[in-house]
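# Observations on the three-dimensional arrangement
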Amino acid sequence: MILTRGARVTGAVLCAALALIVAGWVVRDVRAADGIEHLWHYWAGYRDARVSLGPTTSPYDVVLFVVYLAVAVAAVRSSAAGVALVAAGVLTLVVRLPGLWNIGQPRMDPRFADDLRTRALLCAFASLAAGIALIITAAAGRRAPHDPSETLPARPGQGAGVIAFLCLGAAGAVTIAWEIRQAVRVPSIYPDWFLGGDRIFEGLTDPPPGWFTAVLALLCLFAAVSALPRAVHARPFGLIAAALLLGGGGLGVARSVHERLLENFADLPFEAQLTVATGFFEVLAGAVVLLVLALPGPAAPPPLPGQGYGQGYGYPRPGVFGPPPPSQPPPGW
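Let us look at the structure shown here. (Residues numbered from 1 in each chain as written. Predicted model: local features only at pLDDT ≥ 70, side-chain atom pairs only at ≥ 80, totals over all residues. Heavy atoms only, no water.)

On to the overall build of the protein, then. Helix and strand counts for the protein come out as eleven helices and two strands. Looking at the protein as a whole, 44% of its 333 residues are labelled buried. Long-range pairs, those at least 24 residues apart, make up 76% of the contacts in the protein with a sequence separation of at least 6. Accessible area of the protein: about 17000 Å², with a carbon and sulfur share of 68%. (Helix = DSSP H or I, 4+ residues; strand = E, 2+ residues; numbered from the N terminus. Buried < 20%, exposed > 50% of the residue type's maximum accessible area, 1.4 Å probe, protein only. Contact = heavy atoms within 4.5 Å. Areas by Shrake-Rupley, 256 points an atom, 1.4 Å probe, with all protein chains shown as cover.)

Quick look at the structure:
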């Protein structure tokens, strides 16, 4: 998907605005927690975490911030960033949508002031509008390539597509397996786990934990299925899924180290061992997918004759370049 210059600038501005929204809430939480160290302990789920005011964000907001900046830079530097804008827009919509029905709930009253919840709701609407605008911008700003030297959207390499399929497919399957296990063990938290409610704890601006887990699993599976045939959209969606896996797995590894679970790994129950191992697997899978998809593979095929690059590129069209089309044979032939 090749974009016009205006669409690229618009997409970069929208991504920068989304990054600023996320950064503003993270800075608020750092100040409320009296430092990044205390906020990090809360984000990572340390048992000794002490935060005076309820944080409004999660560590995944940092990943979103990096994604928005990367897509903004890609839009400025390359005319082939249309699919990246679509991926950023879709991610924004699915992550911010639950805020519309959760931020204003009465259960938020004891934890967050009215003015803070009002700002969070306005930011949720603004983020959703920006996400929709990113998708519309990418769709409306498409154009045909001007010449054969112009950079086209790149597909994953053949080996990279297979590796991404295996890693992301396995990560999606593991995520779904843990959700099934939790549903069997703690059925009382549903449907609040997915939609939000009194039986779960969530940040003000973030989706419920189950909602985000479902988004991550579907994103991994979608990117995996797209990477095997080396679709153009597999790279941006796969890179976003890998970044989220790397962030979540990194939290699990940090928690395991902080709680000294590795030192007593052999004495842990089998399920606890699987939990620790899952964190390391997510880090490994995310890092591998980031490495293999970061390097672009071959470009997408050029347009069909007469659909790109103007006249004269590719096979000549009859009557324009090359011999004229054959005339009708005379009667009797």
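Turning our eyes to something else, we now look at the packing of helix H1 (residues 5–32) against helix H3 (residues 60–77). For the pair H1 and H3, interaxial distance at closest approach is 8 Å and the crossing angle is 160°. Judged by the inter-axis angle, H1 sits roughly antiparallel to H3. Relative to H3, the crossing made by H1 is left-handed. In contact with Arg8, Ala12, Cys15, Ala16, Leu18, Ala19, Val22, Ala23 and Val26 of H1, H3 contributes Asp61, Phe65, Tyr68, Leu69, Val71, Ala72, Ala75, Val76 and Arg77. Among the residues making up the contact of H1 with H3, the classes are represented as 15 nonpolar, no polar and three charged. (Axes fitted to C-alpha atoms, helices over the stretch in contact; angles between N-to-C directions. Parallel < 35°, antiparallel > 145°, perpendicular 65-115°, else oblique. Left-handed = near helix turned anticlockwise from the far one by under 90°. Nonpolar A, V, L, I, M, F, W, Y, C, P; charged D, E, K, R; others polar.)

What follows is about the packing of aromatic side chains. Going through the model one piece at a time under the given rule, you end up with four aromatic pairs. With a centroid separation of 4.2 Å and 40° between ring planes, the pair formed by Tyr60 and Phe212 is classed as tilted. Of this pair, Tyr60 sits in helix H3 while Phe212 sits in helix H9 (residues 209–227), placing them 152 residues apart in sequence. Here Trp101 and Trp211 contribute two aromatic rings whose centre-to-centre distance is 5.6 Å and whose plane-to-plane angle is 70°, an arrangement assigned as edge-to-face. Of the two residues, Trp101 is situated in helix H5 (residues 99–102) and Trp211 in helix H9; the sequence distance between them amounts to 110 residues. (Phe/Tyr/Trp six-rings, centres within 6.5 Å; stacked < 30°, edge-to-face > 60°.)

Turning our attention to empty space enclosed by the protein. Counted under the stated rule, the structure contains two cavities of 30 Å³ or more. Of the pockets and cavities examined, the largest cavity occupies roughly 100 Å³. Around the largest cavity, the lining comprises 13 residues; the ones closest to its centre are Trp25, Arg96, Cys123, Ala124 and Thr205. Ranked by the residues each element gives to the lining of the largest cavity, the list is headed by helix H6 (residues 114–140), at four residues. Here the residues of the lining of the largest cavity sort into seven nonpolar, four polar and two charged. (1 Å grid on protein atoms, 1.4 Å probe; cavity = no way out; pocket = protein on both sides within 12 Å on 5 of 7 lines; lining within 4 Å. Points joined across faces, edges and corners; volume = space filled by probe spheres on them.)

Attention now goes to the layout of surface pockets. Considered as a void within the structure, the largest pocket measures approximately 1500 Å³ in volume. Mapped onto the lining of the largest pocket, the elements with two or more residues apiece are helix H2 (36–44), H3, helix H7 (158–185), H9, helix H10 (234–258) and helix H11 (270–294). Looking at side-chain class alone, the lining of the largest pocket contains 21 nonpolar, 14 polar and nine charged residues. Within this model, the second largest pocket holds a volume of roughly 790 Å³. Contributions of two or more residues to the lining of the second largest pocket are made by H3, helix H4 (82–96) and H10.

A full pass over the atoms with the stated rule returns twelve salt bridges. For the salt bridge of Glu202 with Arg107, the shortest nitrogen-to-oxygen distance reads 3.2 Å. With a gap of 95 residues between them, Glu202 in the loop between helix H8 (192–195) and H9 and Arg107 in the loop between H5 and H6 connect regions that are remote in the sequence. Here Glu202 matches Arg107 in class, with each residue buried. Residues Arg119 and Asp115 are paired through a salt bridge, measuring 3.6 Å at the closest nitrogen-oxygen approach. On the criterion of helical spacing, the pair formed by Arg119 and Asp115 is a turn pair, its members being four residues apart in helix H6. (Salt bridge = Lys/Arg side-chain N within 4 Å of Asp/Glu carboxyl O.)

A word on the environment of Leu14. Its place among the elements puts Leu14 in helix H1. It is 6.9 Å that separates the C-alpha atoms of Leu14 and Leu134, two residues lying 120 residues apart in sequence. Residue contacts for Leu14: discarding those within four places in its chain leaves Ala130, Ala133, Leu134 and Thr137.

This part covers the environment of Arg8. Mapped onto the secondary structure, Arg8 falls in helix H1. The exposure class of Arg8 is buried, given its relative accessible area of 15%. Along the chain, Arg8 and Gly141 lie 133 residues apart, while their C-alpha atoms are 8.0 Å from each other. Apart from residues no more than four positions distant in its own chain, Arg8 is found in contact with Leu3, Ala75, Val76, Arg77, Ser78 and Ser79.

On to a nonpolar patch on the surface, then. On the surface, a nonpolar cluster with roughly 420 Å² of combined accessible area is contributed by Leu97, Leu100, Trp101, Phe125 and Leu195. Checked against the element boundaries, Leu100 lands in helix H5. (Patch = residues over 30% accessible without salt bridge, like charges linked within 9 Å, V, L, I, M, F, W, Y side chains within 5 Å.)

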